[in-house]
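# Overview (structure and organization)
The lines below spell out each chain.
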Amino acid sequence: MPRTWPRCTRGIAVAPSLLAADFGHLAEAVRALEGSGADRLHIDVMDGDFVPNFTFGTDTLRALRTETELPFEVHLMIREPERHLATFAGAGADAMTVHWEACPHLHRTLQRIRELGCRAGGAVNVSTPVSVLYDILDSLDLALVMTVDPGFGGQSLIPRTLVKVAQLRREIDAQGAAVELEIDGGVEGHNAAECARAGATVLVAGTSVFHHPEGPAEGVRRLLGAGARGAPPTP
Ligand code: DX5
Ligand code: ZN
């Protein structure tokens, strides 16, 4: 049964990305986020085809589901994701994000995700304009703008992608859509405020959380603090 999901506001949320955790100690990595202020866990699923890397599958979700109350946000970097949605939902996904580039019928795929009781996310790669999402905002709970080329953690944020974040923010606001705007890749303490200023409301962060010298919980707190400095004041 999907867990309670945080409300969509203009505040800043941090989604730690498990990709940067120690793969030999995933349960400990997840437990280390307790009390950090993180409101979801970002789980990158890669198929070695849509992106040149392999990561987690449904067994990982099942194994971690008993370790934390955090909702699972599953980022599906796979081709033909519609074939696997029910399996991931059954394994404990609370939200599933699919790529525009991997879905010829993105609108239909998003409907299917909602039918499965999950929140529906749509992602665009670095070279894809955000305007491909404008006509389906009401089918989205979450819009994800990749700020690096997907496949690997530890890359630097590509500055030009924040222009797209600002474009999408304007469109979301113009339509009055209840859509979270998430960015993924290269988010660190020094750029979190800028990301928030561009209009992001959810910061996915792997390296800057799980490799933080003072531990993952402190990594989350630093990003929340830095992001809040760039976020608009709450009305
Ligand atoms: C990249 C993944 C990201 C990745 C981000 O393909 O989608 O979620 O974990 O990692 P960092 O924060 O290290 O760039
Ligand atoms: Zn991701």
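About the criteria used
Residues numbered from 1 in each chain as written. Chains lettered and ligands numbered in written order. Predicted model: local features only at pLDDT ≥ 70, side-chain atom pairs only at ≥ 80, totals over all residues. Heavy atoms only, no water. 1 Å grid on protein atoms, 1.4 Å probe; cavity = no way out; pocket = protein on both sides within 12 Å on 5 of 7 lines; lining within 4 Å. Points joined across faces, edges and corners; volume = space filled by probe spheres on them. Helix = DSSP H or I, 4+ residues; strand = E, 2+ residues; numbered from the N terminus. Nonpolar A, V, L, I, M, F, W, Y, C, P; charged D, E, K, R; others polar. pLDDT = per-residue confidence, 0-100. Expected span 1.5 Å × (residues − 1). Contact = heavy atoms within 4.5 Å. Near = heavy atom within 4 Å. Polar contact = N/O pair within 3.5 Å; in protein donor to acceptor, adjacent residues only side chain to side chain. Areas by Shrake-Rupley, 256 points an atom, 1.4 Å probe, with all protein chains shown as cover. Sits in = over half its atoms within 2 Å of the grid points. Core = buried A, V, L, I, M, F, W, Y, C linked by side-chain atoms within 4.5 Å. Buried < 20%, exposed > 50% of the residue type's maximum accessible area, 1.4 Å probe, protein only. Donors = N, O, S within 2.8 Å, 3.2 Å for Na, K, Ca; no water. Tetrahedral: all angles 85-135°; square planar, octahedral: opposite > 155°, others 65-115°. Phe/Tyr/Trp six-rings, centres within 6.5 Å; stacked < 30°, edge-to-face > 60°. Lys NZ or Arg CZ within 6 Å of the ring centre and 35° of its normal. Pairing = 2+ DSSP bridges. Axes fitted to C-alpha atoms, helices over the stretch in contact; angles between N-to-C directions.

Bringing the layout of surface pockets into the picture now. A probe as big as a water molecule, rolled over the atoms, marks out the empty space that is left. Approximately 360 Å³ is the volume attributed to the largest pocket. Residue assignment for the lining of the largest pocket shows that the elements contributing at least two residues are β2 (41-46), β3 (72-77), β8 (202-205) and α7 (207-210). Split by residue class, the lining of the largest pocket holds eleven nonpolar, 13 polar and three charged.

Next up on the list: the confidence of the model for the chain. Summing up the model confidence of the chain, the mean pLDDT is 96 and the portion of residues at 70 or higher is 97%. Predicted confidence in the chain is weakest over helix α8 (residues 216-230), with a mean pLDDT of 96, and strongest over strand β6 (residues 142-146), with 99.

So, on to helix α5 (residues 161-175). Taking 1.5 Å of rise per residue, 15 residues should cover 21 Å, and α5 covers 21 Å from first to last C-alpha, within 8% of that figure. At its buried positions, α5 is contacted by β5 (119-124), β6, β7 (180-184) and α6 (192-198).

Attention now moves to the site of ligand 1. Residues in contact with ligand 1 amount to 20 residues; listed here are only the nearest, Ser-17, Gly-151, Asp-184, Gly-206 and Thr-207. The side chain of His-75 places a nitrogen or oxygen atom 3.4 Å from an oxygen atom of ligand 1. Residue Asp-184 places a side-chain N or O atom 2.7 Å away from an oxygen atom belonging to ligand 1. Considering ligand 1 on its own, with 380 Å² of exposed area, one finds that the protein chains cover 99% of that surface. Here ligand 1 occupies the largest pocket. Of all elements in the fold, only β2, β3 and β8 reach the threshold of two or more residues within the shell around ligand 1. With three residues, β2 is the single largest residue contributor to the shell around ligand 1.

Another point: the nonpolar core. Within the largest apolar cluster, 66 residues are counted, with the highest numbers of intra-cluster contacts made by Leu-18, Leu-76, Met-96 and Leu-168. Excluding anything up to four places from it in sequence, Leu-18 contacts Phe-23, Leu-26, Val-30, Leu-41, His-42, Ile-43, Phe-56, Leu-64 and Phe-210. Core analysis: the second largest hydrophobic core is formed by six residues, Phe-50, Val-51, Met-77 and Ala-102 among them.

This next bit is on the coordination of the zinc ion (ligand 2). Within the protein, His-42 (NE2), Asp-44 (OD), His-75 (ND1) and Asp-184 (OD) serve as the donor atoms for the zinc ion (ligand 2), at 2.0 to 2.3 Å. The coordination sphere of the zinc ion (ligand 2) comprises six donor atoms, whose angles at the metal cover 69 to 169°; the geometry is octahedral. The sequence pattern formed by the donor residues of the zinc ion (ligand 2) is H-x1-D-x30-H-x108-D. Taken together, the positions of His-42 in strand β2 and Asp-184 in strand β7 put the pair 142 residues apart, joining distant regions of the chain. Take His-42 and Asp-184: they sit in the same class, and that class is buried.

This part is about the side chain of Arg-65. Relative to the assigned elements, Arg-65 resides in helix α2 (residues 58-65). Of the residues examined, Arg-65 reaches a relative accessible area of 14% and is grouped as buried. In contact with Arg-65, not counting residues within four places along its chain, are Arg-3, Leu-70, Pro-71, Phe-72, Gly-92 and Asp-94.

Describing an aromatic ring pair means giving the distance of the ring centres and the angle of the ring planes. Per the counting criterion, the structure on display carries one aromatic pair. With a centroid separation of 4.8 Å and an interplanar angle of 40°, the aromatic rings of Phe-23 and Phe-56 are classed as tilted. With Phe-23 in the loop between β1 (13-16) and α1 (26-31) and Phe-56 in the loop between β2 and α2, the pair connects residues that are 33 residues apart, well separated along the chain. Sitting above the plane of the Phe-72 ring, Arg-65 keeps its charged end 3.7 Å from the centroid.

The next point concerns the sheet that holds β5. Taken in spatial order, the eight strands make up an open sheet running β1-β8-β7-β6-β5-β4-β3-β2, and their pairing is parallel. Across the chains shown, the open sheet's two edge strands, defined by having one partner strand only, are β1 and β2. Taken over all neighbouring pairs, the strand axes of this sheet differ in orientation by 25° on average, direction set aside.

In this section: unusual backbone geometry. For Glu-80, which is not a glycine, the phi torsion comes out positive at approximately 50°. Turning to its location among the elements, Glu-80 is positioned in the loop between β3 and α3 (85-91). Residue classification places Glu-80 among the partly exposed residues on the basis of a relative accessible area of 42%.

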